[in-house]
Amino acid sequence: WVTESTSDYACDVYAVIREHGTLENDDGEQVATKYVVLGAVRITKPSEKYHDEAVVEQSWVEMERGDYLVPYERQLKSVQPTRSDKDGVAKIVDSMWGTQYFGEHYYVFVDKGAEDGVRVGNRFFVLQRFEGMDKVGEEPGEKIPWQTVGQVVVIDVRGKYSLAVVTDSK
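Presented here is an overview of the structure given in this document.

Criteria and cut-off values
Residues numbered from 1 in each chain as written. Predicted model: local features only at pLDDT ≥ 70, side-chain atom pairs only at ≥ 80, totals over all residues. Heavy atoms only, no water. Pairing = 2+ DSSP bridges. Helix = DSSP H or I, 4+ residues; strand = E, 2+ residues; numbered from the N terminus. Axes fitted to C-alpha atoms, helices over the stretch in contact; angles between N-to-C directions. Phe/Tyr/Trp six-rings, centres within 6.5 Å; stacked < 30°, edge-to-face > 60°. Buried < 20%, exposed > 50% of the residue type's maximum accessible area, 1.4 Å probe, protein only. Salt bridge = Lys/Arg side-chain N within 4 Å of Asp/Glu carboxyl O. Patch = residues over 30% accessible without salt bridge, like charges linked within 9 Å, V, L, I, M, F, W, Y side chains within 5 Å. Areas by Shrake-Rupley, 256 points an atom, 1.4 Å probe, with all protein chains shown as cover.

Further remarks concern the sheet that holds strand β5 (residues 92–95). The pairing of strands in a sheet comes from backbone hydrogen bonds and takes either a parallel or an antiparallel form. Across the sheet, 5 strands lie side by side as β5-β6-β9-β8-β7; this open sheet has antiparallel pairing. Of all strands in the sheet, those bounded by a partner on one side alone are β5 and β7 (123–128). Each strand axis lies, on average, 40° off the axis of its neighbour in the sheet, ignoring direction. Of the strand pairs in this sheet, β5 and strand β6 (residues 107–110) are connected by 3 bridges, and their pairing is antiparallel. Its bridge partner being in β6, I92 is matched across the sheet by V110.

Here we come to the packing of aromatic side chains. If you walk through the whole model with that rule in mind, you get 2 aromatic pairs. Between the aromatic rings of Y35 and Y68, the centroid separation amounts to 6.5 Å while the plane-to-plane angle is 85°, which identifies the pairing as edge-to-face. Highlighted residues: Y35 in strand β2 (residues 30–45) and Y68 in strand β4 (residues 68–71), separated in sequence by 33 residues. Judged by its relative accessible area of 37%, Y35 is partly exposed.

With that settled, consider the pattern of salt bridges. One pass over the full model with this rule turns up 9 salt bridges. D94 is the partner of K34 in a salt bridge, and the nearest nitrogen-oxygen pair spans 2.9 Å. With a gap of 60 residues between them, K34 in strand β2 and D94 in strand β5 connect regions that are remote in the sequence. The same class applies to K34 as to D94, namely buried. Taking the shortest distance from any N to any O, the salt bridge between E57 and R42 comes out at 2.6 Å. Note that E57 is positioned in strand β3 (residues 53–59) and R42 in strand β2, a separation of 15 residues in sequence. Residue class for E57 comes out partly exposed when judged on its relative accessible area of 40%. Within the structure, one salt-bridge network assembled from shared partners comprises R18, E62, E64 and D67.

Looking at the element boundaries, R74 is found in the loop between β4 and β5. Considering only alpha carbons, one finds R74 and A40, 34 residues apart in sequence, at a separation of 9.9 Å.

Let us look at the pairing of strand β9 (residues 162–169). Across 4 bridges, β6 lies against β9 in antiparallel orientation. Within β9, the residue paired with V108 across the bridge is A164. When strand β8 (residues 147–157) meets β9, the two strands line up antiparallel, connected through 7 bridges. Among the inter-strand pairings, V152 is bridged to a residue of β9, identified as V166. With antiparallel pairing between neighbouring strands as the criterion, β8 and β9 make up a hairpin whose turn holds 4 residues.

Our focus in this paragraph is the sheet that holds β4. Read across the open sheet, the 4 strands follow the order β3-β2-β1-β4; overall the sheet is antiparallel. Two strands close off the open sheet at either side, each with one partner strand: β3 and β4. Sheet twist, expressed as the average angle between the axes of neighbouring strands with direction ignored, equals 50°. With 4 bridges connecting them, strand β1 (residues 13–24) and β4 associate as antiparallel partners. Across the sheet, residue Y14 finds its bridge partner in β4, namely P71.

Right, let's talk about a nonpolar patch on the surface for a bit. Side chains of F125, L127 and W146 sit close together on the surface and give an oily, nonpolar patch of about 370 Å² of accessible area. Note on placement: W146 falls in the loop between β7 and β8.

Here it is in structure tokens:
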């Protein structure tokens, strides 16, 4: 890719993405492929015979040969809170970076989607029962109360799952 714009050709903008793992359901079935957005490029000189020339317009992570181009979508989304038609319970099943602990601004995957009535802007409160630091990984007893420890807002909805951003964490 070229790094400076050298022409005024009609341009197309693409997001540069790289596969970053899979999302599986409780049965171990792959339900989605995760991609990380590396940046955006603008095609400056299309070529029918050779590779197109492009300008890197945005870069958040290094780009490499073999990364994929997909039509560009604005990465900053304005999501308005949307009241859900029904109450529901979902489970955080994964995060973009595969960590088990999440704070504000982390992206998480939730096991409910459009088929369950979830819409962009819906929010879920995050609850947990926690015995204490000396018993990490153990199932808490029934006497331990549920505590609200955070909130997520859905920013993208697919059939069976959604992508949400953590907006509050304690």
